[in-house]
Amino acid sequence: MTINNMNSIVPSNLKNGDCIEIVACAKSISLSDVDDAVLQIEKHGFRSRVNPKNFDKHNIFSGTINQRIKILQDALDDDDIKAIFFARGGYGTIQIIDYLDFNHFTKNPKWLVGFSDITIILTYIKTHFNISTIHGPMPYNFKSTDEDALNNLFGLIQGNFQNIEAPFSKLNKLGSCKGVVI
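Residues numbered from 1 in each chain as written. Predicted model: local features only at pLDDT ≥ 70, side-chain atom pairs only at ≥ 80, totals over all residues. Heavy atoms only, no water.

Visitor: Lay out the pattern of salt bridges in plain terms, naming residues and giving numbers.
Guide: Scanning the model with the defined rule gives seven salt bridges in all. Asp-78 is the partner of Arg-49 in a salt bridge, and the nearest nitrogen-oxygen pair spans 3.0 Å. Here Arg-49, found in strand β2 (residues 47-50), pairs with Asp-78, found in the loop between α2 (65-77) and β3 (81-86); they are 29 residues apart in sequence, far enough to count as distant. With its nearest N and O atoms 3.7 Å apart, the salt bridge here joins Lys-53 to Asp-56. Look at Lys-53 and you get partly exposed, because its relative accessible area is 45%. (Salt bridge = Lys/Arg side-chain N within 4 Å of Asp/Glu carboxyl O. Helix = DSSP H or I, 4+ residues; strand = E, 2+ residues; numbered from the N terminus. Buried < 20%, exposed > 50% of the residue type's maximum accessible area, 1.4 Å probe, protein only.)

Structure, rendered in structure tokens:
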């Protein structure tokens, strides 16, 4: 499968020892919510970083709007960070998207991984800058995520792309088509 079929910018592949930061920019988290993710990151040969400010709490969020902007902005701008795994979804990311500065990030893109509320960031990055992102499992859910899915995620950020196959269903309409998977 060609991941770059629309001339999108693909972040660099990660190598053993590269740093992955876990960022909470939406709903609040505790250290125990991401313990398993830290272990998985390190098991796969990477360094992990979790800013202690991620554990601040303001209402249901992981800090005030300004705190969440700063945590994510710092991770986006830090060249030592090669990928950002968003800790969890939950309403809150839409509050900060307009305040982020992607200038440095666009010159040094890194893998951004998440889903749910985080989709706003992933879609923004793809539509405004044509940089590939990963709609995938988040640290909060690593405990319940299938091991094959986690292995595929860590393989993907290292450049091991896999074909996507959809099994036959009686509801399928036979024929051929062409399109873009986002």
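Visitor: Summarise the packing of aromatic side chains; cite the residues concerned and give the values.
Guide: Throughout the structure, instances matching the rule amount to nine aromatic pairs. Pairwise contacts between aromatic rings join Phe-46, Phe-85, Phe-142 and Phe-154 into one cluster. Lying over the aromatic face of Tyr-140, Arg-88 brings its terminal NZ or CZ to 3.9 Å of the ring centre. (Phe/Tyr/Trp six-rings, centres within 6.5 Å; stacked < 30°, edge-to-face > 60°. Lys NZ or Arg CZ within 6 Å of the ring centre and 35° of its normal.)

Visitor: Tell me what's going on with the layout of surface pockets, and back it up with residues and numbers.
Guide: The volume enclosed by the second largest pocket comes to roughly 180 Å³. Along the walls of the second largest pocket sit Pro-11, Ser-12, Asn-13, Leu-14, Lys-15, Asp-18, Asp-79, Ile-81, Lys-82, Asn-108, Pro-109 and Lys-110, which together make up its complete lining. Per-class residue counts for the lining of the second largest pocket are four nonpolar, three polar and five charged. (1 Å grid on protein atoms, 1.4 Å probe; cavity = no way out; pocket = protein on both sides within 12 Å on 5 of 7 lines; lining within 4 Å. Points joined across faces, edges and corners; volume = space filled by probe spheres on them. Nonpolar A, V, L, I, M, F, W, Y, C, P; charged D, E, K, R; others polar.)

Visitor: Describe helix α1 (residues 31-43), and please don't skip the residues or the numbers.
Guide: Helix length check: α1, at 13 residues, gives a terminal C-alpha distance of 18 Å against a target of 18 Å (1.5 Å per residue), a fit within 8%. Every buried residue belonging to α1 is among Asp-33, Val-34, Ala-37, Val-38, Gln-40 and Ile-41, and all of these are buried. Summarising the contacts, the buried residues of α1 are in contact with β1 (19-23), β2, β3 and α5 (147-157). The first or second residue beyond α1 is Gly-45, which carries a positive phi of 95°. (Expected span 1.5 Å × (residues − 1). Contact = heavy atoms within 4.5 Å.)

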